[in-house]
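# Architecture at a glance
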Amino acid sequence: MSELAKRLERLFSKLDHTALLVEQMLADALFTLEGGKDEDIETLIQSDAAIDSREVETERECVRLLALYQPAAIDLRRICFVVKANSDLERIADYCVKIVKRGRRLNRKAIAIQSFPAFFELAEQVGATYRKTIRLFTLYSEKETAEHAESSMETARAIISADSETDVLFRAFFEQTLAVEQTFHNQLKVWYDLVALGRALERIGDLCTNIAEDAVFMFSGEIIRHHTATAPQEVPDSVMIIDG
């Protein structure tokens, strides 16, 4: 195995570890919505700094590999994939923190997220999509790549296809919040926080889609962004400004 291959293997291992840490953040963030302790919430918020640090370290290693080895073909696409997926994982961690902060405010106002079944359907959908996304961070050897590239691309395309279902579930949650908006007695910020929770999950789904699209590029060299077969679901104008 060449030195570049060894360093790429370590790079993908580091990316996979980051993805597992972010997966735990997402699970913990959703758990706190059901009444998490303040100290647990603060611990989760602080853990975002570790993800930020890992993002910088991974990006620096990518730059070093580009400078030292001037890779081409599949190796270059692998490094490009790591750079982009690394950034997307950091953004997913940011959305986990936003979920926790919004949820804490709602808990303090005694607003039960359990009153909105569509939210948990959305959370389950996004969680399943993220778990599929993690599978894309396994680096196979040159011999194995030919055998596994097709199955990995099938996983990636399944993630991309699932994005439309995530949009449908977000819309369902949004409509549920509208149905009870008047019960908040003109507390617009409460409604805003509720919708922002769903919006954060929807954005995590989008970032998983980004990673999947970049995985297709890594394996095949094909750029499929903006060319998916399924048109995106229309998002209400009133939600467009809510980004976590």
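Everything here concerns the structure above.
## Some remarks on the overall build of the chain
Across its full length, the chain holds six helices and zero strands. When the 244 residues of the chain are sorted by exposure, 48% land in the buried category. Counting contacts in the chain only where the partners sit at least 6 residues apart, residues at least 24 apart contribute 85% of the total. For the chain, the computed accessible surface area is about 12200 Å², with 52% contributed by carbon and sulfur atoms.

## Some thoughts on the nonpolar core
If you look at the biggest cluster of nonpolar residues, it comprises 70 residues, and the most contacted ones within it are F81, I92, F119, L201 and I204. Contributing elements (two or more residues each) for this core: α1 (3-32), α2 (38-69), α3 (73-108), α4 (117-134), α5 (142-179) and α6 (188-220). The element contributing the most residues to this core is α6, with 16 residues. Once you skip the residues sitting within four places of it in the chain, I92 turns out to touch V22, Y130, I204, L207 and C208.

## Thoughts on the state of the cysteines
All told, the structure shown has zero disulfides when counted by the stated rule. Unpaired in terms of disulfides, C62 finds its nearest cysteine sulfur in C80, a separation of 8.8 Å. Its relative accessible area of 1% is what places C62 among the buried residues.

## Quick look at the packing of aromatic side chains
Inspection of the entire model under this criterion finds six aromatic pairs. By the ring-pair criterion, three or more aromatic residues cluster together here, those being F116, F119, F120 and F173. When the ring centre of Y95 is taken as origin, the NZ or CZ atom of K98, which lies over that ring, is 4.9 Å away.

Thresholds, definitions, all that
- Starting from 1, residues in each chain are numbered consecutively following that chain's sequence as written.
- Under the rules for a predicted model, residues below a pLDDT of 70 receive no local features and side-chain atom pairs below 80 are neither given nor counted, while totals for whole chains, interfaces and linings still include all residues.
- Note that water and hydrogens are dropped before the side-chain values are worked out from all heavy atoms of the structure.
- What counts as a helix is a DSSP run of H or I of at least four residues, what counts as a strand is a run of E of at least two, and both are numbered from the N terminus.
- Burial here depends on accessible area, computed with a 1.4 Å probe over protein chains only, as a share of the maximum for the residue type. Under 20% is buried, over 50% is exposed, and the range in between is partly exposed.
- Residue contacts are counted whenever heavy atoms from the two residues lie within 4.5 Å of one another.
- To be clear on the numbers: accessible area is Shrake-Rupley with a 1.4 Å probe, and residue cover counts the displayed protein chains and nothing else.
- Nonpolar cores are built from buried Ala, Val, Leu, Ile, Met, Phe, Trp, Tyr and Cys residues. Side-chain atoms within 4.5 Å join them into one set.
- We call a pair of cysteine sulfur atoms a disulfide when they lie within 2.5 Å.
- Two aromatic rings, drawn from Phe, Tyr or Trp (for Trp, its six-membered ring), form a pair once their centres lie within 6.5 Å of each other, and the interplanar angle then sorts them: stacked below 30 degrees, edge-to-face above 60, tilted otherwise.
- Note on criteria: charge over ring means Lys NZ or Arg CZ within 6 Å of the ring centre, with the direction from the centre no more than 35 degrees off the ring normal.

Purely spatial values, then, with no claim about function.
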